[in-house]
Amino acid sequence: MKQRTPQRVSITWALVITSAASFMGALDNLVVVTALPSIREDLGGSLEDLEWTVSGYTLTFAVLLMLGAALGDRFGRRRMLMVGLTVFTVASAAAALVSGIGGLIAARALQGVGGAILMPLTLTLLTAAVPAAKRGMALGIWGAVQGLAVAFGPLVGGAVTEHLSWQWIFWLNVPIGLALLPLIRLRLPESYGPNARLDIPGTALASAGLFGIVYAVIRGNADGWTSTPVLTGLIVGSALLGGFIHHGIHHQAPLLPMRLFRNRGFAAINTASLLMFLGMFGSIFLLSQFLQNVGGYSPMDTGVRMLPWTAMPLLVAPIAGALSDRVGGRPIVVTGLALQAIGLGLYAAVVAVDVSYAAQLPALIVSGIGMALYFAPAANVVMSTVSEAEQGMASGASNALRELGGALGIAVLAAVFSARGGYGPPRHFVDGLAPALWLGAATVGVAALVALLIPSREQAPAAVARPDERTKVPA
């Protein structure tokens, strides 16, 4: 029997551990969506409260991702990965134990803190463990696993909610987290970033600014778009984000150096990713409730009927990841985004109170293929646009922008949904869903156009000298 070399073993362990950890973080983005009707029945809450059970996670996840990457560079990536996973696991147990909707939102926000620390470090550690020649395949698998987690969230949430209870969608994280912690300690090498500094002012500006804008969008329909809280959130949030951009241009060691966006490939893939998540997350948030509230399906049946969309990464993503090493990431990403936009448009065109499942099937299949094509090469495209010394920042920024897109997508599409329709009679629900889906399709379509700006064969900037880079083998 042919024995594997130590390098091959370490690459395998790095891929397994980082993929499993990122799967947990990505799964909890949408694992609650098929459980929302059950959560609403059990804990109560308005549409805005239900939005916050998802956005409470994605928002803290988004605004702290870059800080999570910086903490790993400063205090050790392996060490901080363990810290993030511990916080995530504890918060999952807390979410399962709450007795009110406010407590669930708070626990979800704490989950987002843990996810923000662990997610960028999984990408950085995996990139460091895999030779450049094999990186496209490895990062394709890592990206596909995230795509699977996002996509299978509704199915897992529906199955667990129907056969156990909604609390178990959080309890499931606990044994997985406990199993991963010793593996991280024993199988991953420790590493540190070069000249890593913590940017507290930048973190505060980004966090407060994003919170203000997302809060205003979520509360806009309920409180009125000209109400004082909503206007304050929009104006102050925008001003703080402007300050964050200024800080990123002029500060010596900012949380997100704006110079990264001078690279056309980096700017294009991250803008496209933000728009893609905006359209996809908001659509899944509403469609999972449509299948239950209007279609009359159980949580489990809802997850099963979304499989033509959610299962596609199993078939398509590995092929797309390997193909990206040959032809480059741009054509695959563009094709995937275009198909995702077409799929959402097809869904918007057929959605009706009495629409059959057969009529929905083409939209689900096309959307699934598109999502799989996007997820597989996206991470490799991002990492290929920066030097090795900047990969930690790039990982944090890329994940942050994607999660920000998800938080905004739920807020924006739910705002359109509630403005044109809302909960209540099925006809009312469909009246709000259709324009929201059209907006989601248009947003992802714009993402496909932006992705055309990615260079056909992106070359990373030359690596800079890193005298402070330190790596050590696990004890």
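Keep in mind that this is a model prediction, so the values were computed, not measured.

Enquirer: So, the overall build of the protein chain: which residues are in play, and what are the values?
Expert: Each helix and strand counted, the protein chain has 18 helices and two strands in total. Of all intrachain contacts in the protein chain linking residues separated by at least 6 positions in sequence, the fraction that spans at least 24 positions is 85%. Carbon and sulfur atoms make up 66% of the accessible area of the protein chain, which amounts to about 17500 Å² in all.

Enquirer: Outline the packing of helix 4 (residues 77-97) against helix 5 (residues 101-129), supporting the account with residue identities and numerical values.
Expert: The geometry of helix 4 relative to helix 5 is characterised by a closest axis approach of 8 Å and an angle of 155° between their N-to-C directions. One finds that helix 4 runs roughly antiparallel with respect to helix 5. The crossing of helix 4 and helix 5 is left-handed. Listed contacts from helix 5 to Arg77, Arg78, Met80, Leu81, Gly84, Leu85, Val87, Phe88, Ala91, Ser92, Ala94 and Ala95 of helix 4 are Leu104, Ala107, Leu110, Gln111, Gly114, Gly115, Ile117, Leu118, Leu121, Thr122, Thr124 and Leu125. Considering only residue class, the contact of helix 4 with helix 5 consists of 15 nonpolar, seven polar and two charged.

Enquirer: Could you give an account of the packing of helix 15 (residues 330-350) against helix 18 (residues 426-451), with specific residues and numbers?
Expert: Remark: helix 15 packs on helix 18, axes separated minimally by 8 Å, with the N-to-C direction vectors making an angle of 165°. It follows that helix 15 is roughly antiparallel to helix 18 by the angle criterion. Our pair here, helix 15 against helix 18, has a crossing hand that is left-handed. For the pair formed by helix 15 and helix 18, the contact residues are Arg330, Val333, Val334, Leu337, Ala338, Gln340, Ala341, Leu344, Gly345, Tyr347, Ala348 and Ala349 on the first element and Ala434, Leu437, Trp438, Gly440, Ala441, Val444, Gly445, Ala447, Ala448 and Ala451 on the second. Its residues placed into classes, the contact of helix 15 with helix 18 shows 17 nonpolar, four polar and one charged.

Enquirer: Go over the confidence of the model for the protein chain with me, naming the residues and quoting the values.
Expert: Scored by pLDDT, the protein chain comes out at a mean of 81, with 88% of its residues at no less than 70. Ranking the elements of the protein chain by mean pLDDT puts strand 2 (residues 470-472) last, at 44, and helix 4 first, at 94. This model gives residues 1-6 a pLDDT under 50, and the stretch forms two contacts once residues within four places in sequence are excluded. Considering only residues more than four positions removed or in separate chains, one finds that residues 459-475, a stretch of pLDDT under 50, has 39 contacts.

Enquirer: Describe the environment of Ile235, listing the residues and the values that go with them.
Expert: With respect to the secondary-structure elements, Ile235 resides in helix 10 (residues 228-250). For Ile235, a relative accessible area of 58% corresponds to the exposed category. As for Ile235 and Ile213, which are separated by 22 residues in sequence, their C-alpha atoms are 8.1 Å apart.

Reading guide: rules and limits
Residues numbered from 1 in each chain as written. Predicted model: local features only at pLDDT ≥ 70, side-chain atom pairs only at ≥ 80, totals over all residues. Heavy atoms only, no water. Helix = DSSP H or I, 4+ residues; strand = E, 2+ residues; numbered from the N terminus. Contact = heavy atoms within 4.5 Å. Areas by Shrake-Rupley, 256 points an atom, 1.4 Å probe, with all protein chains shown as cover. Axes fitted to C-alpha atoms, helices over the stretch in contact; angles between N-to-C directions. Parallel < 35°, antiparallel > 145°, perpendicular 65-115°, else oblique. Left-handed = near helix turned anticlockwise from the far one by under 90°. Nonpolar A, V, L, I, M, F, W, Y, C, P; charged D, E, K, R; others polar. pLDDT = per-residue confidence, 0-100. Buried < 20%, exposed > 50% of the residue type's maximum accessible area, 1.4 Å probe, protein only.

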